[in-house]
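The primary structure of each chain is shown beneath.
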Amino acid sequence: MDHPAAATRGALTCNERYARGLEVLRRIGGPGWDVQLRAAAETTPDLAWLTVEFGYGDLISRPGLALPLREAVTVAALLAHRNAERQLAYHMAGYLNAGGEPRVLLELLYVAVAVVGFPAAIHALPLLRALFRERVLTALRIAPAGDDGSARSATGWRALAALVDDAAALERDWAVLAPRFAQWSIAFAQGEMLARDGLDERTRELAIVA
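Residues numbered from 1 in each chain as written. Predicted model: local features only at pLDDT ≥ 70, side-chain atom pairs only at ≥ 80, totals over all residues. Heavy atoms only, no water.

Asks: Now, about the overall build of the chain: what can you tell me, with residues and values included?
Replies: Along the backbone of the chain there are 12 helices and 0 strands. For the chain, the α and β elements follow one another from N to C terminus as α-α-α-α-α-α-α-α-α-α-α-α. Along the first, second and third principal axes, the C-alpha atoms of the chain reach 65 × 40 × 25 Å. Evaluated residue by residue, the chain yields a buried proportion of 38% over its 210 residues. Taking all contacts inside the chain whose residues are at least 6 apart in sequence as the whole, residues at least 24 apart take part in 69%. Accessible area for the chain stands at about 12300 Å²; split by element, carbon and sulfur atoms hold 57% of it. (Helix = DSSP H or I, 4+ residues; strand = E, 2+ residues; numbered from the N terminus. Buried < 20%, exposed > 50% of the residue type's maximum accessible area, 1.4 Å probe, protein only. Contact = heavy atoms within 4.5 Å. Areas by Shrake-Rupley, 256 points an atom, 1.4 Å probe, with all protein chains shown as cover.)

Asks: Let's hear about the packing of aromatic side chains: which residues, and what values?
Replies: Evaluated as defined, the whole model comprises 2 aromatic pairs. Measuring from ring centre to ring centre gives 3.8 Å for Tyr-18 and Trp-49, while their planes differ by 10°; the resulting arrangement is stacked. With a gap of 31 residues between them, Tyr-18 in helix 2 (residues 11-29) and Trp-49 in helix 4 (residues 45-60) connect regions that are remote in the sequence. Judged on exposure class, the residue Tyr-18 and its partner Trp-49 are both buried. For Arg-196, the ring lying beneath its charged end belongs to Tyr-110, and the centroid distance is 3.6 Å. (Phe/Tyr/Trp six-rings, centres within 6.5 Å; stacked < 30°, edge-to-face > 60°. Lys NZ or Arg CZ within 6 Å of the ring centre and 35° of its normal.)

Asks: Hey, could you go over the confidence of the model for the chain for me, with residue numbers and the actual values?
Replies: Taken as a whole, the chain shows an average pLDDT of 86; of its residues, 91% reach a score of 70 or greater. Taken as a whole, residues 4-11 scores under 50 in pLDDT and shows 8 contacts with residues more than four places along the chain or in a different chain. (pLDDT = per-residue confidence, 0-100.)

Asks: Provide a residue-level description of unusual backbone geometry, including the pertinent values.
Replies: If you check the backbone angles, Val-136 has positive phi at about 55° while not being a glycine. As for its position among the elements, Val-136 is in the loop between helix 8 (118-135) and helix 9 (150-163).

Asks: Give me helix 8: which residues, what numbers.
Replies: Taking 1.5 Å as the rise per residue, helix 8 with 18 residues should run 26 Å; its terminal C-alpha atoms sit 25 Å apart, in good agreement. Within helix 8, the full set of buried residues consists of Ala-120, Ala-121, Ala-124, Leu-128, Leu-131 and Phe-132. Against the buried residues of helix 8 lie helix 5 (67-81), helix 6 (85-97) and helix 7 (102-116). Of the residues flanking the end of helix 8, it is Val-136, one or two places downstream, whose phi is positive at about 55°. (Expected span 1.5 Å × (residues − 1).)

See the structure below:
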């Protein structure tokens, strides 16, 4: 379909961007990829068009990030949003449709715990569970730590030192106000949540930024 204002905006350019957006939607949408688009177009055709042309044809189609990684970053942003369940479910499935590994979706929940808190991850669990059930996927389990916590504290210190120039100074700044919080931030957030296997460093850091 042609945009109603395509003639004044440059029909060829607009239509090409729209077609490029449709191609991305086909890749990540899977069967029934256009159901939501057609439903939106019945009420707000301009909004449906712009979603494809700009959102997917301009933004999601940009070079620089492979589509699975771009979808993983989108999932991370929507985890933090916590007010877009339908979009989060759509892009979780879209990540798999683009060729992503199921383990990454699980690990993004742990990143969410460290960055925006348990509620964000727990809020997304039913969506991920439904997706795994639909795709007949099994959640991967890891053995719980059996030590006194010293190992994850050491891991947390190494992770923090890799991110900042002076990890000890940062820890001292935290400890002035809340020593226990500083300890937990290093041992739990850095040593437990963000030091897990399953995400390469680039994906993890992009997810944190998102």
